[in-house]
Amino acid sequence: MLILSTPGVLQIQGDRNRLSDYEAQLRRFSPDVIVDLILSSGEQARQLVETAHEIARRVIAISSMDVYRAWGVMRELEAGSLDPLPLTEDSPLRTTRRLYPPDTLKTLQNIFTWLDPHYDKIAVEEAIRSDPAVSWTVLRLPMVYGPGDPLHRFFPLLKRVTDGRSSILLSDDLAAWRGPRGYVENVAHAIAVVATSDQAAGRIYNICEEPSLSELAWQSKIAEQMNWHGKFVVLPRAQTPKHLLQPGNAAQHVVASSERIRTELGYENLVEIDEAIRRTIAWEQGNPPSTLNPQQFDYSAEDAALASVP
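The shown structure was predicted, so the numbers you read here are calculated from the model rather than taken from an experiment.

Where burial is concerned, the two faces of strand 3 (residues 33-36) differ: the one with Ile34 and Asp36 is buried and the one with Val33 and Val35 is not. In terms of strand pairing, strand 3 meets strand 4 (residues 58-64) through 4 bridges, oriented parallel. Directly across from Val35, in strand 4, lies its bridge partner Ile60. Chirality of the crossover, the property in question, places the unit of strand 3, helix 2 (residues 42-52) and strand 4 among those that are right-handed.

So, in structure tokens, the structure goes:
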């Protein structure tokens with residue numbers, strides 16, 4: 001293990017899956033609050049709680065909105081009717097615990113190296129909340145965008161605009177779908193607000209932007225910031241090129257309410273959405289992904305689909 005220090009900051013570097021090995025260092029540091037940003041399994045959460053005993057007053061677990069049953073319905077993992085919206089912190093959770101098949105999880109681990117093979121944010125929340133001796137707060141995060149986004153969520157649209165595409169295609173189900181988003185600096189601010197508020201103990205909070213825009217409206221805002229003068233063309237799913245289709249049941253929107261954190265803790269966005277988009281575009285243009293899947297940009301198939309539009 002390596003301990004580094006800079007003015008006002010102590011860094012303890014080690015294996016996240018062996019927290020107990022660093023208990024003495026953590027005890028000397030004596031934090032008031034521990035914020036765990038990379039919890040991904042119940043076992044990791046149990047280690048955190050055991051290590052936090054008599055060291056910190058409170059543990060903050062970063063969870064995800066993928067715990068909600070609506071997310072499972074959208075991914076076609078949960079049977080039954082669509083869940084009502086908006087999702088609050090009391091909305092039902094998934095009953096299917098394995099969210100990603102092994103191949104998908106391996107791909108994600110190449111991007112998020114901290115992911116545990118037993119990824120399950122529901123198990124994380126259960127473990128964090130199970131020990132009465134440790135105070136806790138759970139934060140359910142949205143799809144986070146902004147500078148540093150390892151998924152490069154803006155890139156497919158930015159590349160098409162840069163490549164001079166005059167029309168950009170969306171399937172009708174994806175165009176209408178609404179999901180939770182959050183700009184990275186606003187999400188970080190929400191975490192800081194919770195970490196510095198004793199009132200947040202024992203509470204679960206959704207963090208997301210409101211209103212939740214449709215995918216078409218969202219991409220339109222990005223394109224407007226780029227001064228793109230083309231048009232979006234929405235096609236029936238059956239007429240949309242396969243490389244543009246998203247799996248799942250897009251009839252299940254994942255629209256969440258962040259009213260609780262705004263009301264109880266007075267949280268507000270630091271960065272407005274238009275400015276957040278501008279900053280993200282600037283970062284993405286200067287930091288394109290290192291690898292590119294050419295099948296994702298099959299312009300011949302897109303032109304053929306456009307030619308069939310009356």
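Here the focus is the nonpolar core. In terms of nonpolar packing, the biggest core is built from 21 residues, with Tyr145, Phe154, Trp218, Ile222, Phe232, Ile277 and Ile281 touching the most fellow members. In terms of residue count, the dominant contributor to this core is helix 11 (residues 273-286) (4 residues). Contacts of Ile222, omitting those with residues within four sequence positions, involve Phe154, Leu157, Leu158, Ile277 and Ile281.

This paragraph deals with the side chain of Gln47. Positionally, Gln47 belongs in helix 2. Engagement of the side chain of Gln47 in a polar contact is seen with the backbone oxygen of Asn17, the distance being 3.3 Å. The contact partners of Gln47, leaving out residues within four places of it in the chain, are Arg16, Asn17, Arg18 and Leu19.

The next point concerns the packing of aromatic side chains. What the rule picks out here adds up to 9 aromatic pairs. Between the aromatic rings of Trp228 and Phe232, the centroid separation amounts to 5.2 Å while the plane-to-plane angle is 70°, which identifies the pairing as edge-to-face. One cation-aromatic arrangement involves Lys159 over Phe297; the distance from NZ or CZ to the ring centre is 5.3 Å. A cation over a ring is seen here: Arg165 above Tyr299, with NZ or CZ 4.3 Å from the ring centre.

Rules of the game
Residues numbered from 1 in each chain as written. Predicted model: local features only at pLDDT ≥ 70, side-chain atom pairs only at ≥ 80, totals over all residues. Heavy atoms only, no water. Buried < 20%, exposed > 50% of the residue type's maximum accessible area, 1.4 Å probe, protein only. Helix = DSSP H or I, 4+ residues; strand = E, 2+ residues; numbered from the N terminus. Pairing = 2+ DSSP bridges. Right-handed = clockwise from strand over helix to strand, strands pointing away. Core = buried A, V, L, I, M, F, W, Y, C linked by side-chain atoms within 4.5 Å. Contact = heavy atoms within 4.5 Å. Polar contact = N/O pair within 3.5 Å; in protein donor to acceptor, adjacent residues only side chain to side chain. Phe/Tyr/Trp six-rings, centres within 6.5 Å; stacked < 30°, edge-to-face > 60°. Lys NZ or Arg CZ within 6 Å of the ring centre and 35° of its normal.

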